[in-house]
Amino acid sequence: MAESIQTYAHLSKPPQFKPDESVTFYLEYSTDLLGCTATLKVYGYNYRIDGITYTGTEQSTILRAVWLGTGYEEFTVPANTLAKIPETSAPISGSGQMQAVVEISKDTDEGETVIMSSNIVGLNMLLQFPDDFEILNSPINATANTKDIDIRCVVRSTASGDYGVNAVNSYCVLMYDLQKNLVWQSDEMFDWENSSQTYITYKLRNLQDKYEGYIQVRASLAGGYNIYSNMAEISVNYATPPEASDNIKLSNRNGQVKIEIVDMNGTLRISRSELYADEYLTLLTYNTSGSDSVIYDNYAIPGTTYIYKVERVNGNTVLETRYAQITHVMNGVHISDITGAYHATVYDTIYPVTRNDRPGISSPMDSVKPFAIINGLQNNDNGSINALFSNEDECNLKFDDNAGAAVDMRKWLNNGKAKLLKHDNGEAWIVTTTANTTNKNENGLYYTSFSWEEIGDAQDINDYVRLGLV
């Protein structure tokens, strides 16, 4: 027996693979014997059928002869030779507990004799069937009449498991053209709704009219492996906008949309939607005895075209509906909440805005045991501002009482309510002020500065309701 034999084997990729893929091993060896053979043995794997776990039998694959001396060999074998999976129509899932070892043996008078074994390497085979990970609303709104479309997707426990390297870390939405060429992909996101089944709901925004193609969702597991949903067909056909009414007059005013309502009284419900989005955010419901009234929308985002809807209601019954359309424009920076608003066209600090990226998957140099940091918050922004603000109750800045207004704004910034911060270039964030709220006298005018952190999506009307902006 040769004392000089030294062997080991390891995977060349993250320890997770599908049955239809290949797995590559690298073997370094040293032997002073002729005619040795390397054999890969896999054992200890298991799989689940209808929730019942079964353990497979040991599988052996002869790799090739190894030669006298020291050598370095690369072995690539089909993954489906590593484990024999029974044929069944029931969902099958693997738990990733396979182990592999390379044995070097020699044919002797006593038969094939193992003279040295490598280290043991853990393997992870992912057994995924089409219904394990799917977009539920497929085809996606085949008769869609809006530019914003919801995707609902589920990862069942049979696809990914719910612990260890099989835990879902993040997901990404992919968009393809009709030839299935990738044309767009979202950022990595981490807001899975975890239960025995893992769900996502994602909104595709600003789709073009007459668009046709495919959507797919990719989930990244903590072990470094990606799994993919089915490809769902998608088509978009815009609806014709409602006709504008003379009862509503819209205009832009210092970061607000001014809504003048003429010849309508009673209980009025005011809401708005982005053009073609057909998703209305209720801004206000109020009673008016007069025929005319005026309200202001602080939450319109610059560069966006909106449809405003005014409904006269009696309880849950809509008695009358009127519409109007406007594209919001403004100059400067604007911040508001449900209690008030401030606007500034004079400022010296708005940017830069810092993005807090959630940690993603990390791998060591040899890529043998990839890992991921999966704790933390969703990606969000933060920044700071120094500007000469005025209260939106005043059309123009009053220099004589600017100091008092600045002190009032500091108190307002610290009232604990979520706020919408927006810039005239169209960027907007739902934020909370975090620290360093100060006033500073510069040449007789009091600037207000504060730091902020994003806590909601300014494009998602659900966050306005959830965070108390309406």
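Residue indices begin from 1 for each chain and proceed along its sequence in written order. Thresholds applied to this predicted model are a pLDDT of at least 70 for local features of residues and 80 or more for the giving and counting of side-chain atom pairs; totals over whole chains, interfaces and linings are not thresholded and use all residues. Where side-chain values are given, they derive from all heavy atoms of the structure, hydrogens and water being excluded.

1. Regarding unusual backbone geometry
Comment: phi is negative for the bulk of residues other than glycine, and the bulk of peptide bonds are trans.
And then number 1: Phi at Asp-263 takes a positive value of approximately 60°, unusual for a residue other than glycine.
And then number 2: Counting from the N terminus, the helices are DSSP H or I runs at least four residues long and the strands are E runs at least two residues long. Mapped onto the secondary structure, Asp-263 falls in the loop between strand E22 (256–261) and strand E23 (266–274).
And then number 3: Note on Asp-263: relative accessible area 56%, which makes it exposed.
And then number 4: Look at Tyr-276: it is not a glycine, yet its phi comes out positive at around 75°.
And then number 5: Following the sequence through the fold, Tyr-276 ends up in the loop between E23 and strand E24 (281–288). Each residue gets one of three labels from its accessible area relative to the maximum for its type: buried under 20%, exposed over 50%, partly exposed in between, using a 1.4 Å probe on protein chains only.

2. Let's talk about the environment of Glu-453
And then number 1: Of note, Glu-453 is situated in strand E36 (residues 445–456).
And then number 2: A relative accessible area of 26% places Glu-453 in the partly exposed class.
And then number 3: The spatial distance from the C-alpha of Glu-453 to the C-alpha of Asp-381 is 6.1 Å, given a sequence separation of 72 residues.

3. Focus on the pairing of strand E3 (residues 36–43)
Two faces, one strand: in a regular strand the side chains alternate between the faces of the sheet.
And then number 1: Strand pairing follows a simple DSSP-based rule, namely that at least 2 bridges must link the two strands. Summarising the sheet, E3 and strand E6 (residues 59–66) pair through seven bridges and their orientation is antiparallel. What sits directly across from Val-42, in E6, is Gln-59.
And then number 2: Taken together, the eight bridges between E3 and strand E9 (residues 98–108) define a ladder with antiparallel strand orientation. By the bridge assignment for E9, Ala-38 is matched with Ile-104.

4. Let's talk about the pattern of salt bridges
And then number 1: What makes a salt bridge here is a side-chain nitrogen of Lys or Arg within 4 Å of a carboxyl oxygen of Asp or Glu, nothing more. One pass over the full model with this rule turns up nine salt bridges.
And then number 2: Between Lys-41 and Glu-103 there is a salt bridge, with its nearest N and O atoms 3.2 Å apart. Of this pair, Lys-41 sits in strand E3 while Glu-103 sits in strand E9, placing them 62 residues apart in sequence.
And then number 3: Residue classification places Lys-41 among the partly exposed positions, given a relative accessible area of 21%.
And then number 4: For the salt bridge of Arg-272 with Asp-297, the shortest nitrogen-to-oxygen distance reads 2.6 Å. Of the two residues, Arg-272 is situated in strand E23 and Asp-297 in strand E25 (residues 293–297); the sequence distance between them amounts to 25 residues.
And then number 5: Using a relative accessible area of 5% as the deciding quantity, one classes Arg-272 as buried.
And then number 6: Note on Asp-297: relative accessible area 2%, which makes it buried.
And then number 7: By sharing partners, the salt bridges in this structure join Arg-269, Lys-309 and Glu-311 into a single network.

5. Re the nonpolar core
And then number 1: Here, the term nonpolar core denotes a set of buried Ala, Val, Leu, Ile, Met, Phe, Trp, Tyr and Cys residues that are joined through side-chain atoms within 4.5 Å. The biggest cluster of nonpolar side chains holds 28 residues, and the ones touching the most others in it are Leu-250, Ile-259, Ile-261, Ile-270, Tyr-308, Leu-420 and Tyr-464.
And then number 2: Secondary structure elements with two or more residues in this core: strand E21 (248–253), E22, E23, E24, strand E26 (305–314), strand E27 (317–327), strand E35 (428–442) and helix H3 (461–466).
And then number 3: What Tyr-464 contacts, discounting residues up to four positions off in sequence, is Leu-281, Tyr-299, Ile-301, Leu-420, Ile-430, Asp-457, Ala-458, Leu-469 and Val-470.
And then number 4: If you look at the next biggest cluster of nonpolar residues, it comprises 23 residues, including Val-23, Ala-100, Ile-104 and Ile-115. In what follows, residue pairs with any heavy atoms lying within 4.5 Å of each other are defined as contacts.

6. Notes on the sheet that holds E23
And then number 1: Pairing within the open sheet is antiparallel, and its four strands lie in the order E24-E23-E26-E27. Every other strand in the sheet has two partners, leaving E24 and E27 as the edge strands with one partner each. Shown here is a sheet whose adjacent strand axes are inclined to one another by a mean of 20°, direction ignored.
And then number 2: Pairing between E26 and E27: 10 bridges, direction antiparallel. When the sheet's bridge partners are listed, Tyr-308 is paired in E27 with Ala-324. Angles run from 0 to 180 degrees between N-to-C directions of axes, and those axes are lines fitted to C-alpha atoms, restricted for helices to the stretch in contact.

7. Observations regarding the sheet that holds E21
Hydrogen bonding along the main chain pairs the strands of a sheet, whether they run parallel or antiparallel.
And then number 1: The three strands are arranged E21-E22-E25 in an open sheet whose pairing can be described as antiparallel. In the strand order of this sheet, the two ends are held by E21 and E25, each with one partner. Going from strand to strand, the sheet's axes swing by 20° on average, the running direction of each strand aside.
And then number 2: Bridging between E22 and E25 involves five bridges; their strand directions are antiparallel. Among the inter-strand pairings, Lys-258 is bridged to a residue of E25, identified as Tyr-296.

8. Considerations on the packing of aromatic side chains
And then number 1: Aromatic pairs are defined between Phe, Tyr and Trp rings, using the six-membered ring for Trp, whenever the two ring centres lie within 6.5 Å; interplanar angles under 30 degrees are classed as stacked, those over 60 as edge-to-face, and all others as tilted. This structure, assessed with the given rule, holds six aromatic pairs.
And then number 2: Geometrically, the ring pair formed by Tyr-342 and Trp-412 is tilted, given 5.0 Å between the ring centres and 50° between the ring planes. Placement of Tyr-342 in strand E29 (residues 340–349) and of Trp-412 in helix H2 (residues 402–413) is noted, with a sequence separation of 70 residues between them.
And then number 3: With relative accessibility at 6%, the residue Tyr-342 sits in the buried group.
And then number 4: Exposure remark for Trp-412: the relative accessible area of 9% places this residue in the buried category.
And then number 5: Considering the side-chain rings of Trp-429 and Trp-452, the 4.9 Å spacing of their centres and the 40° angle between planes classify their relative orientation as tilted. Here Trp-429 is found in strand E35, whereas its partner Trp-452 is found in strand E36, with 23 residues between them in sequence. Considered together, Trp-429 and Trp-452 belong to a single accessibility category, that of buried residues.
And then number 6: Comment: the charge-over-ring label is applied if NZ (Lys) or CZ (Arg) is within 6 Å of the ring centre and within 35 degrees of the ring normal. Here Lys-309 stacks its cationic end above the ring of Tyr-280, 4.0 Å away from the centre of that ring.
And then number 7: Against the face of Trp-412 rests Lys-419, its NZ or CZ located 4.7 Å from the ring centre.

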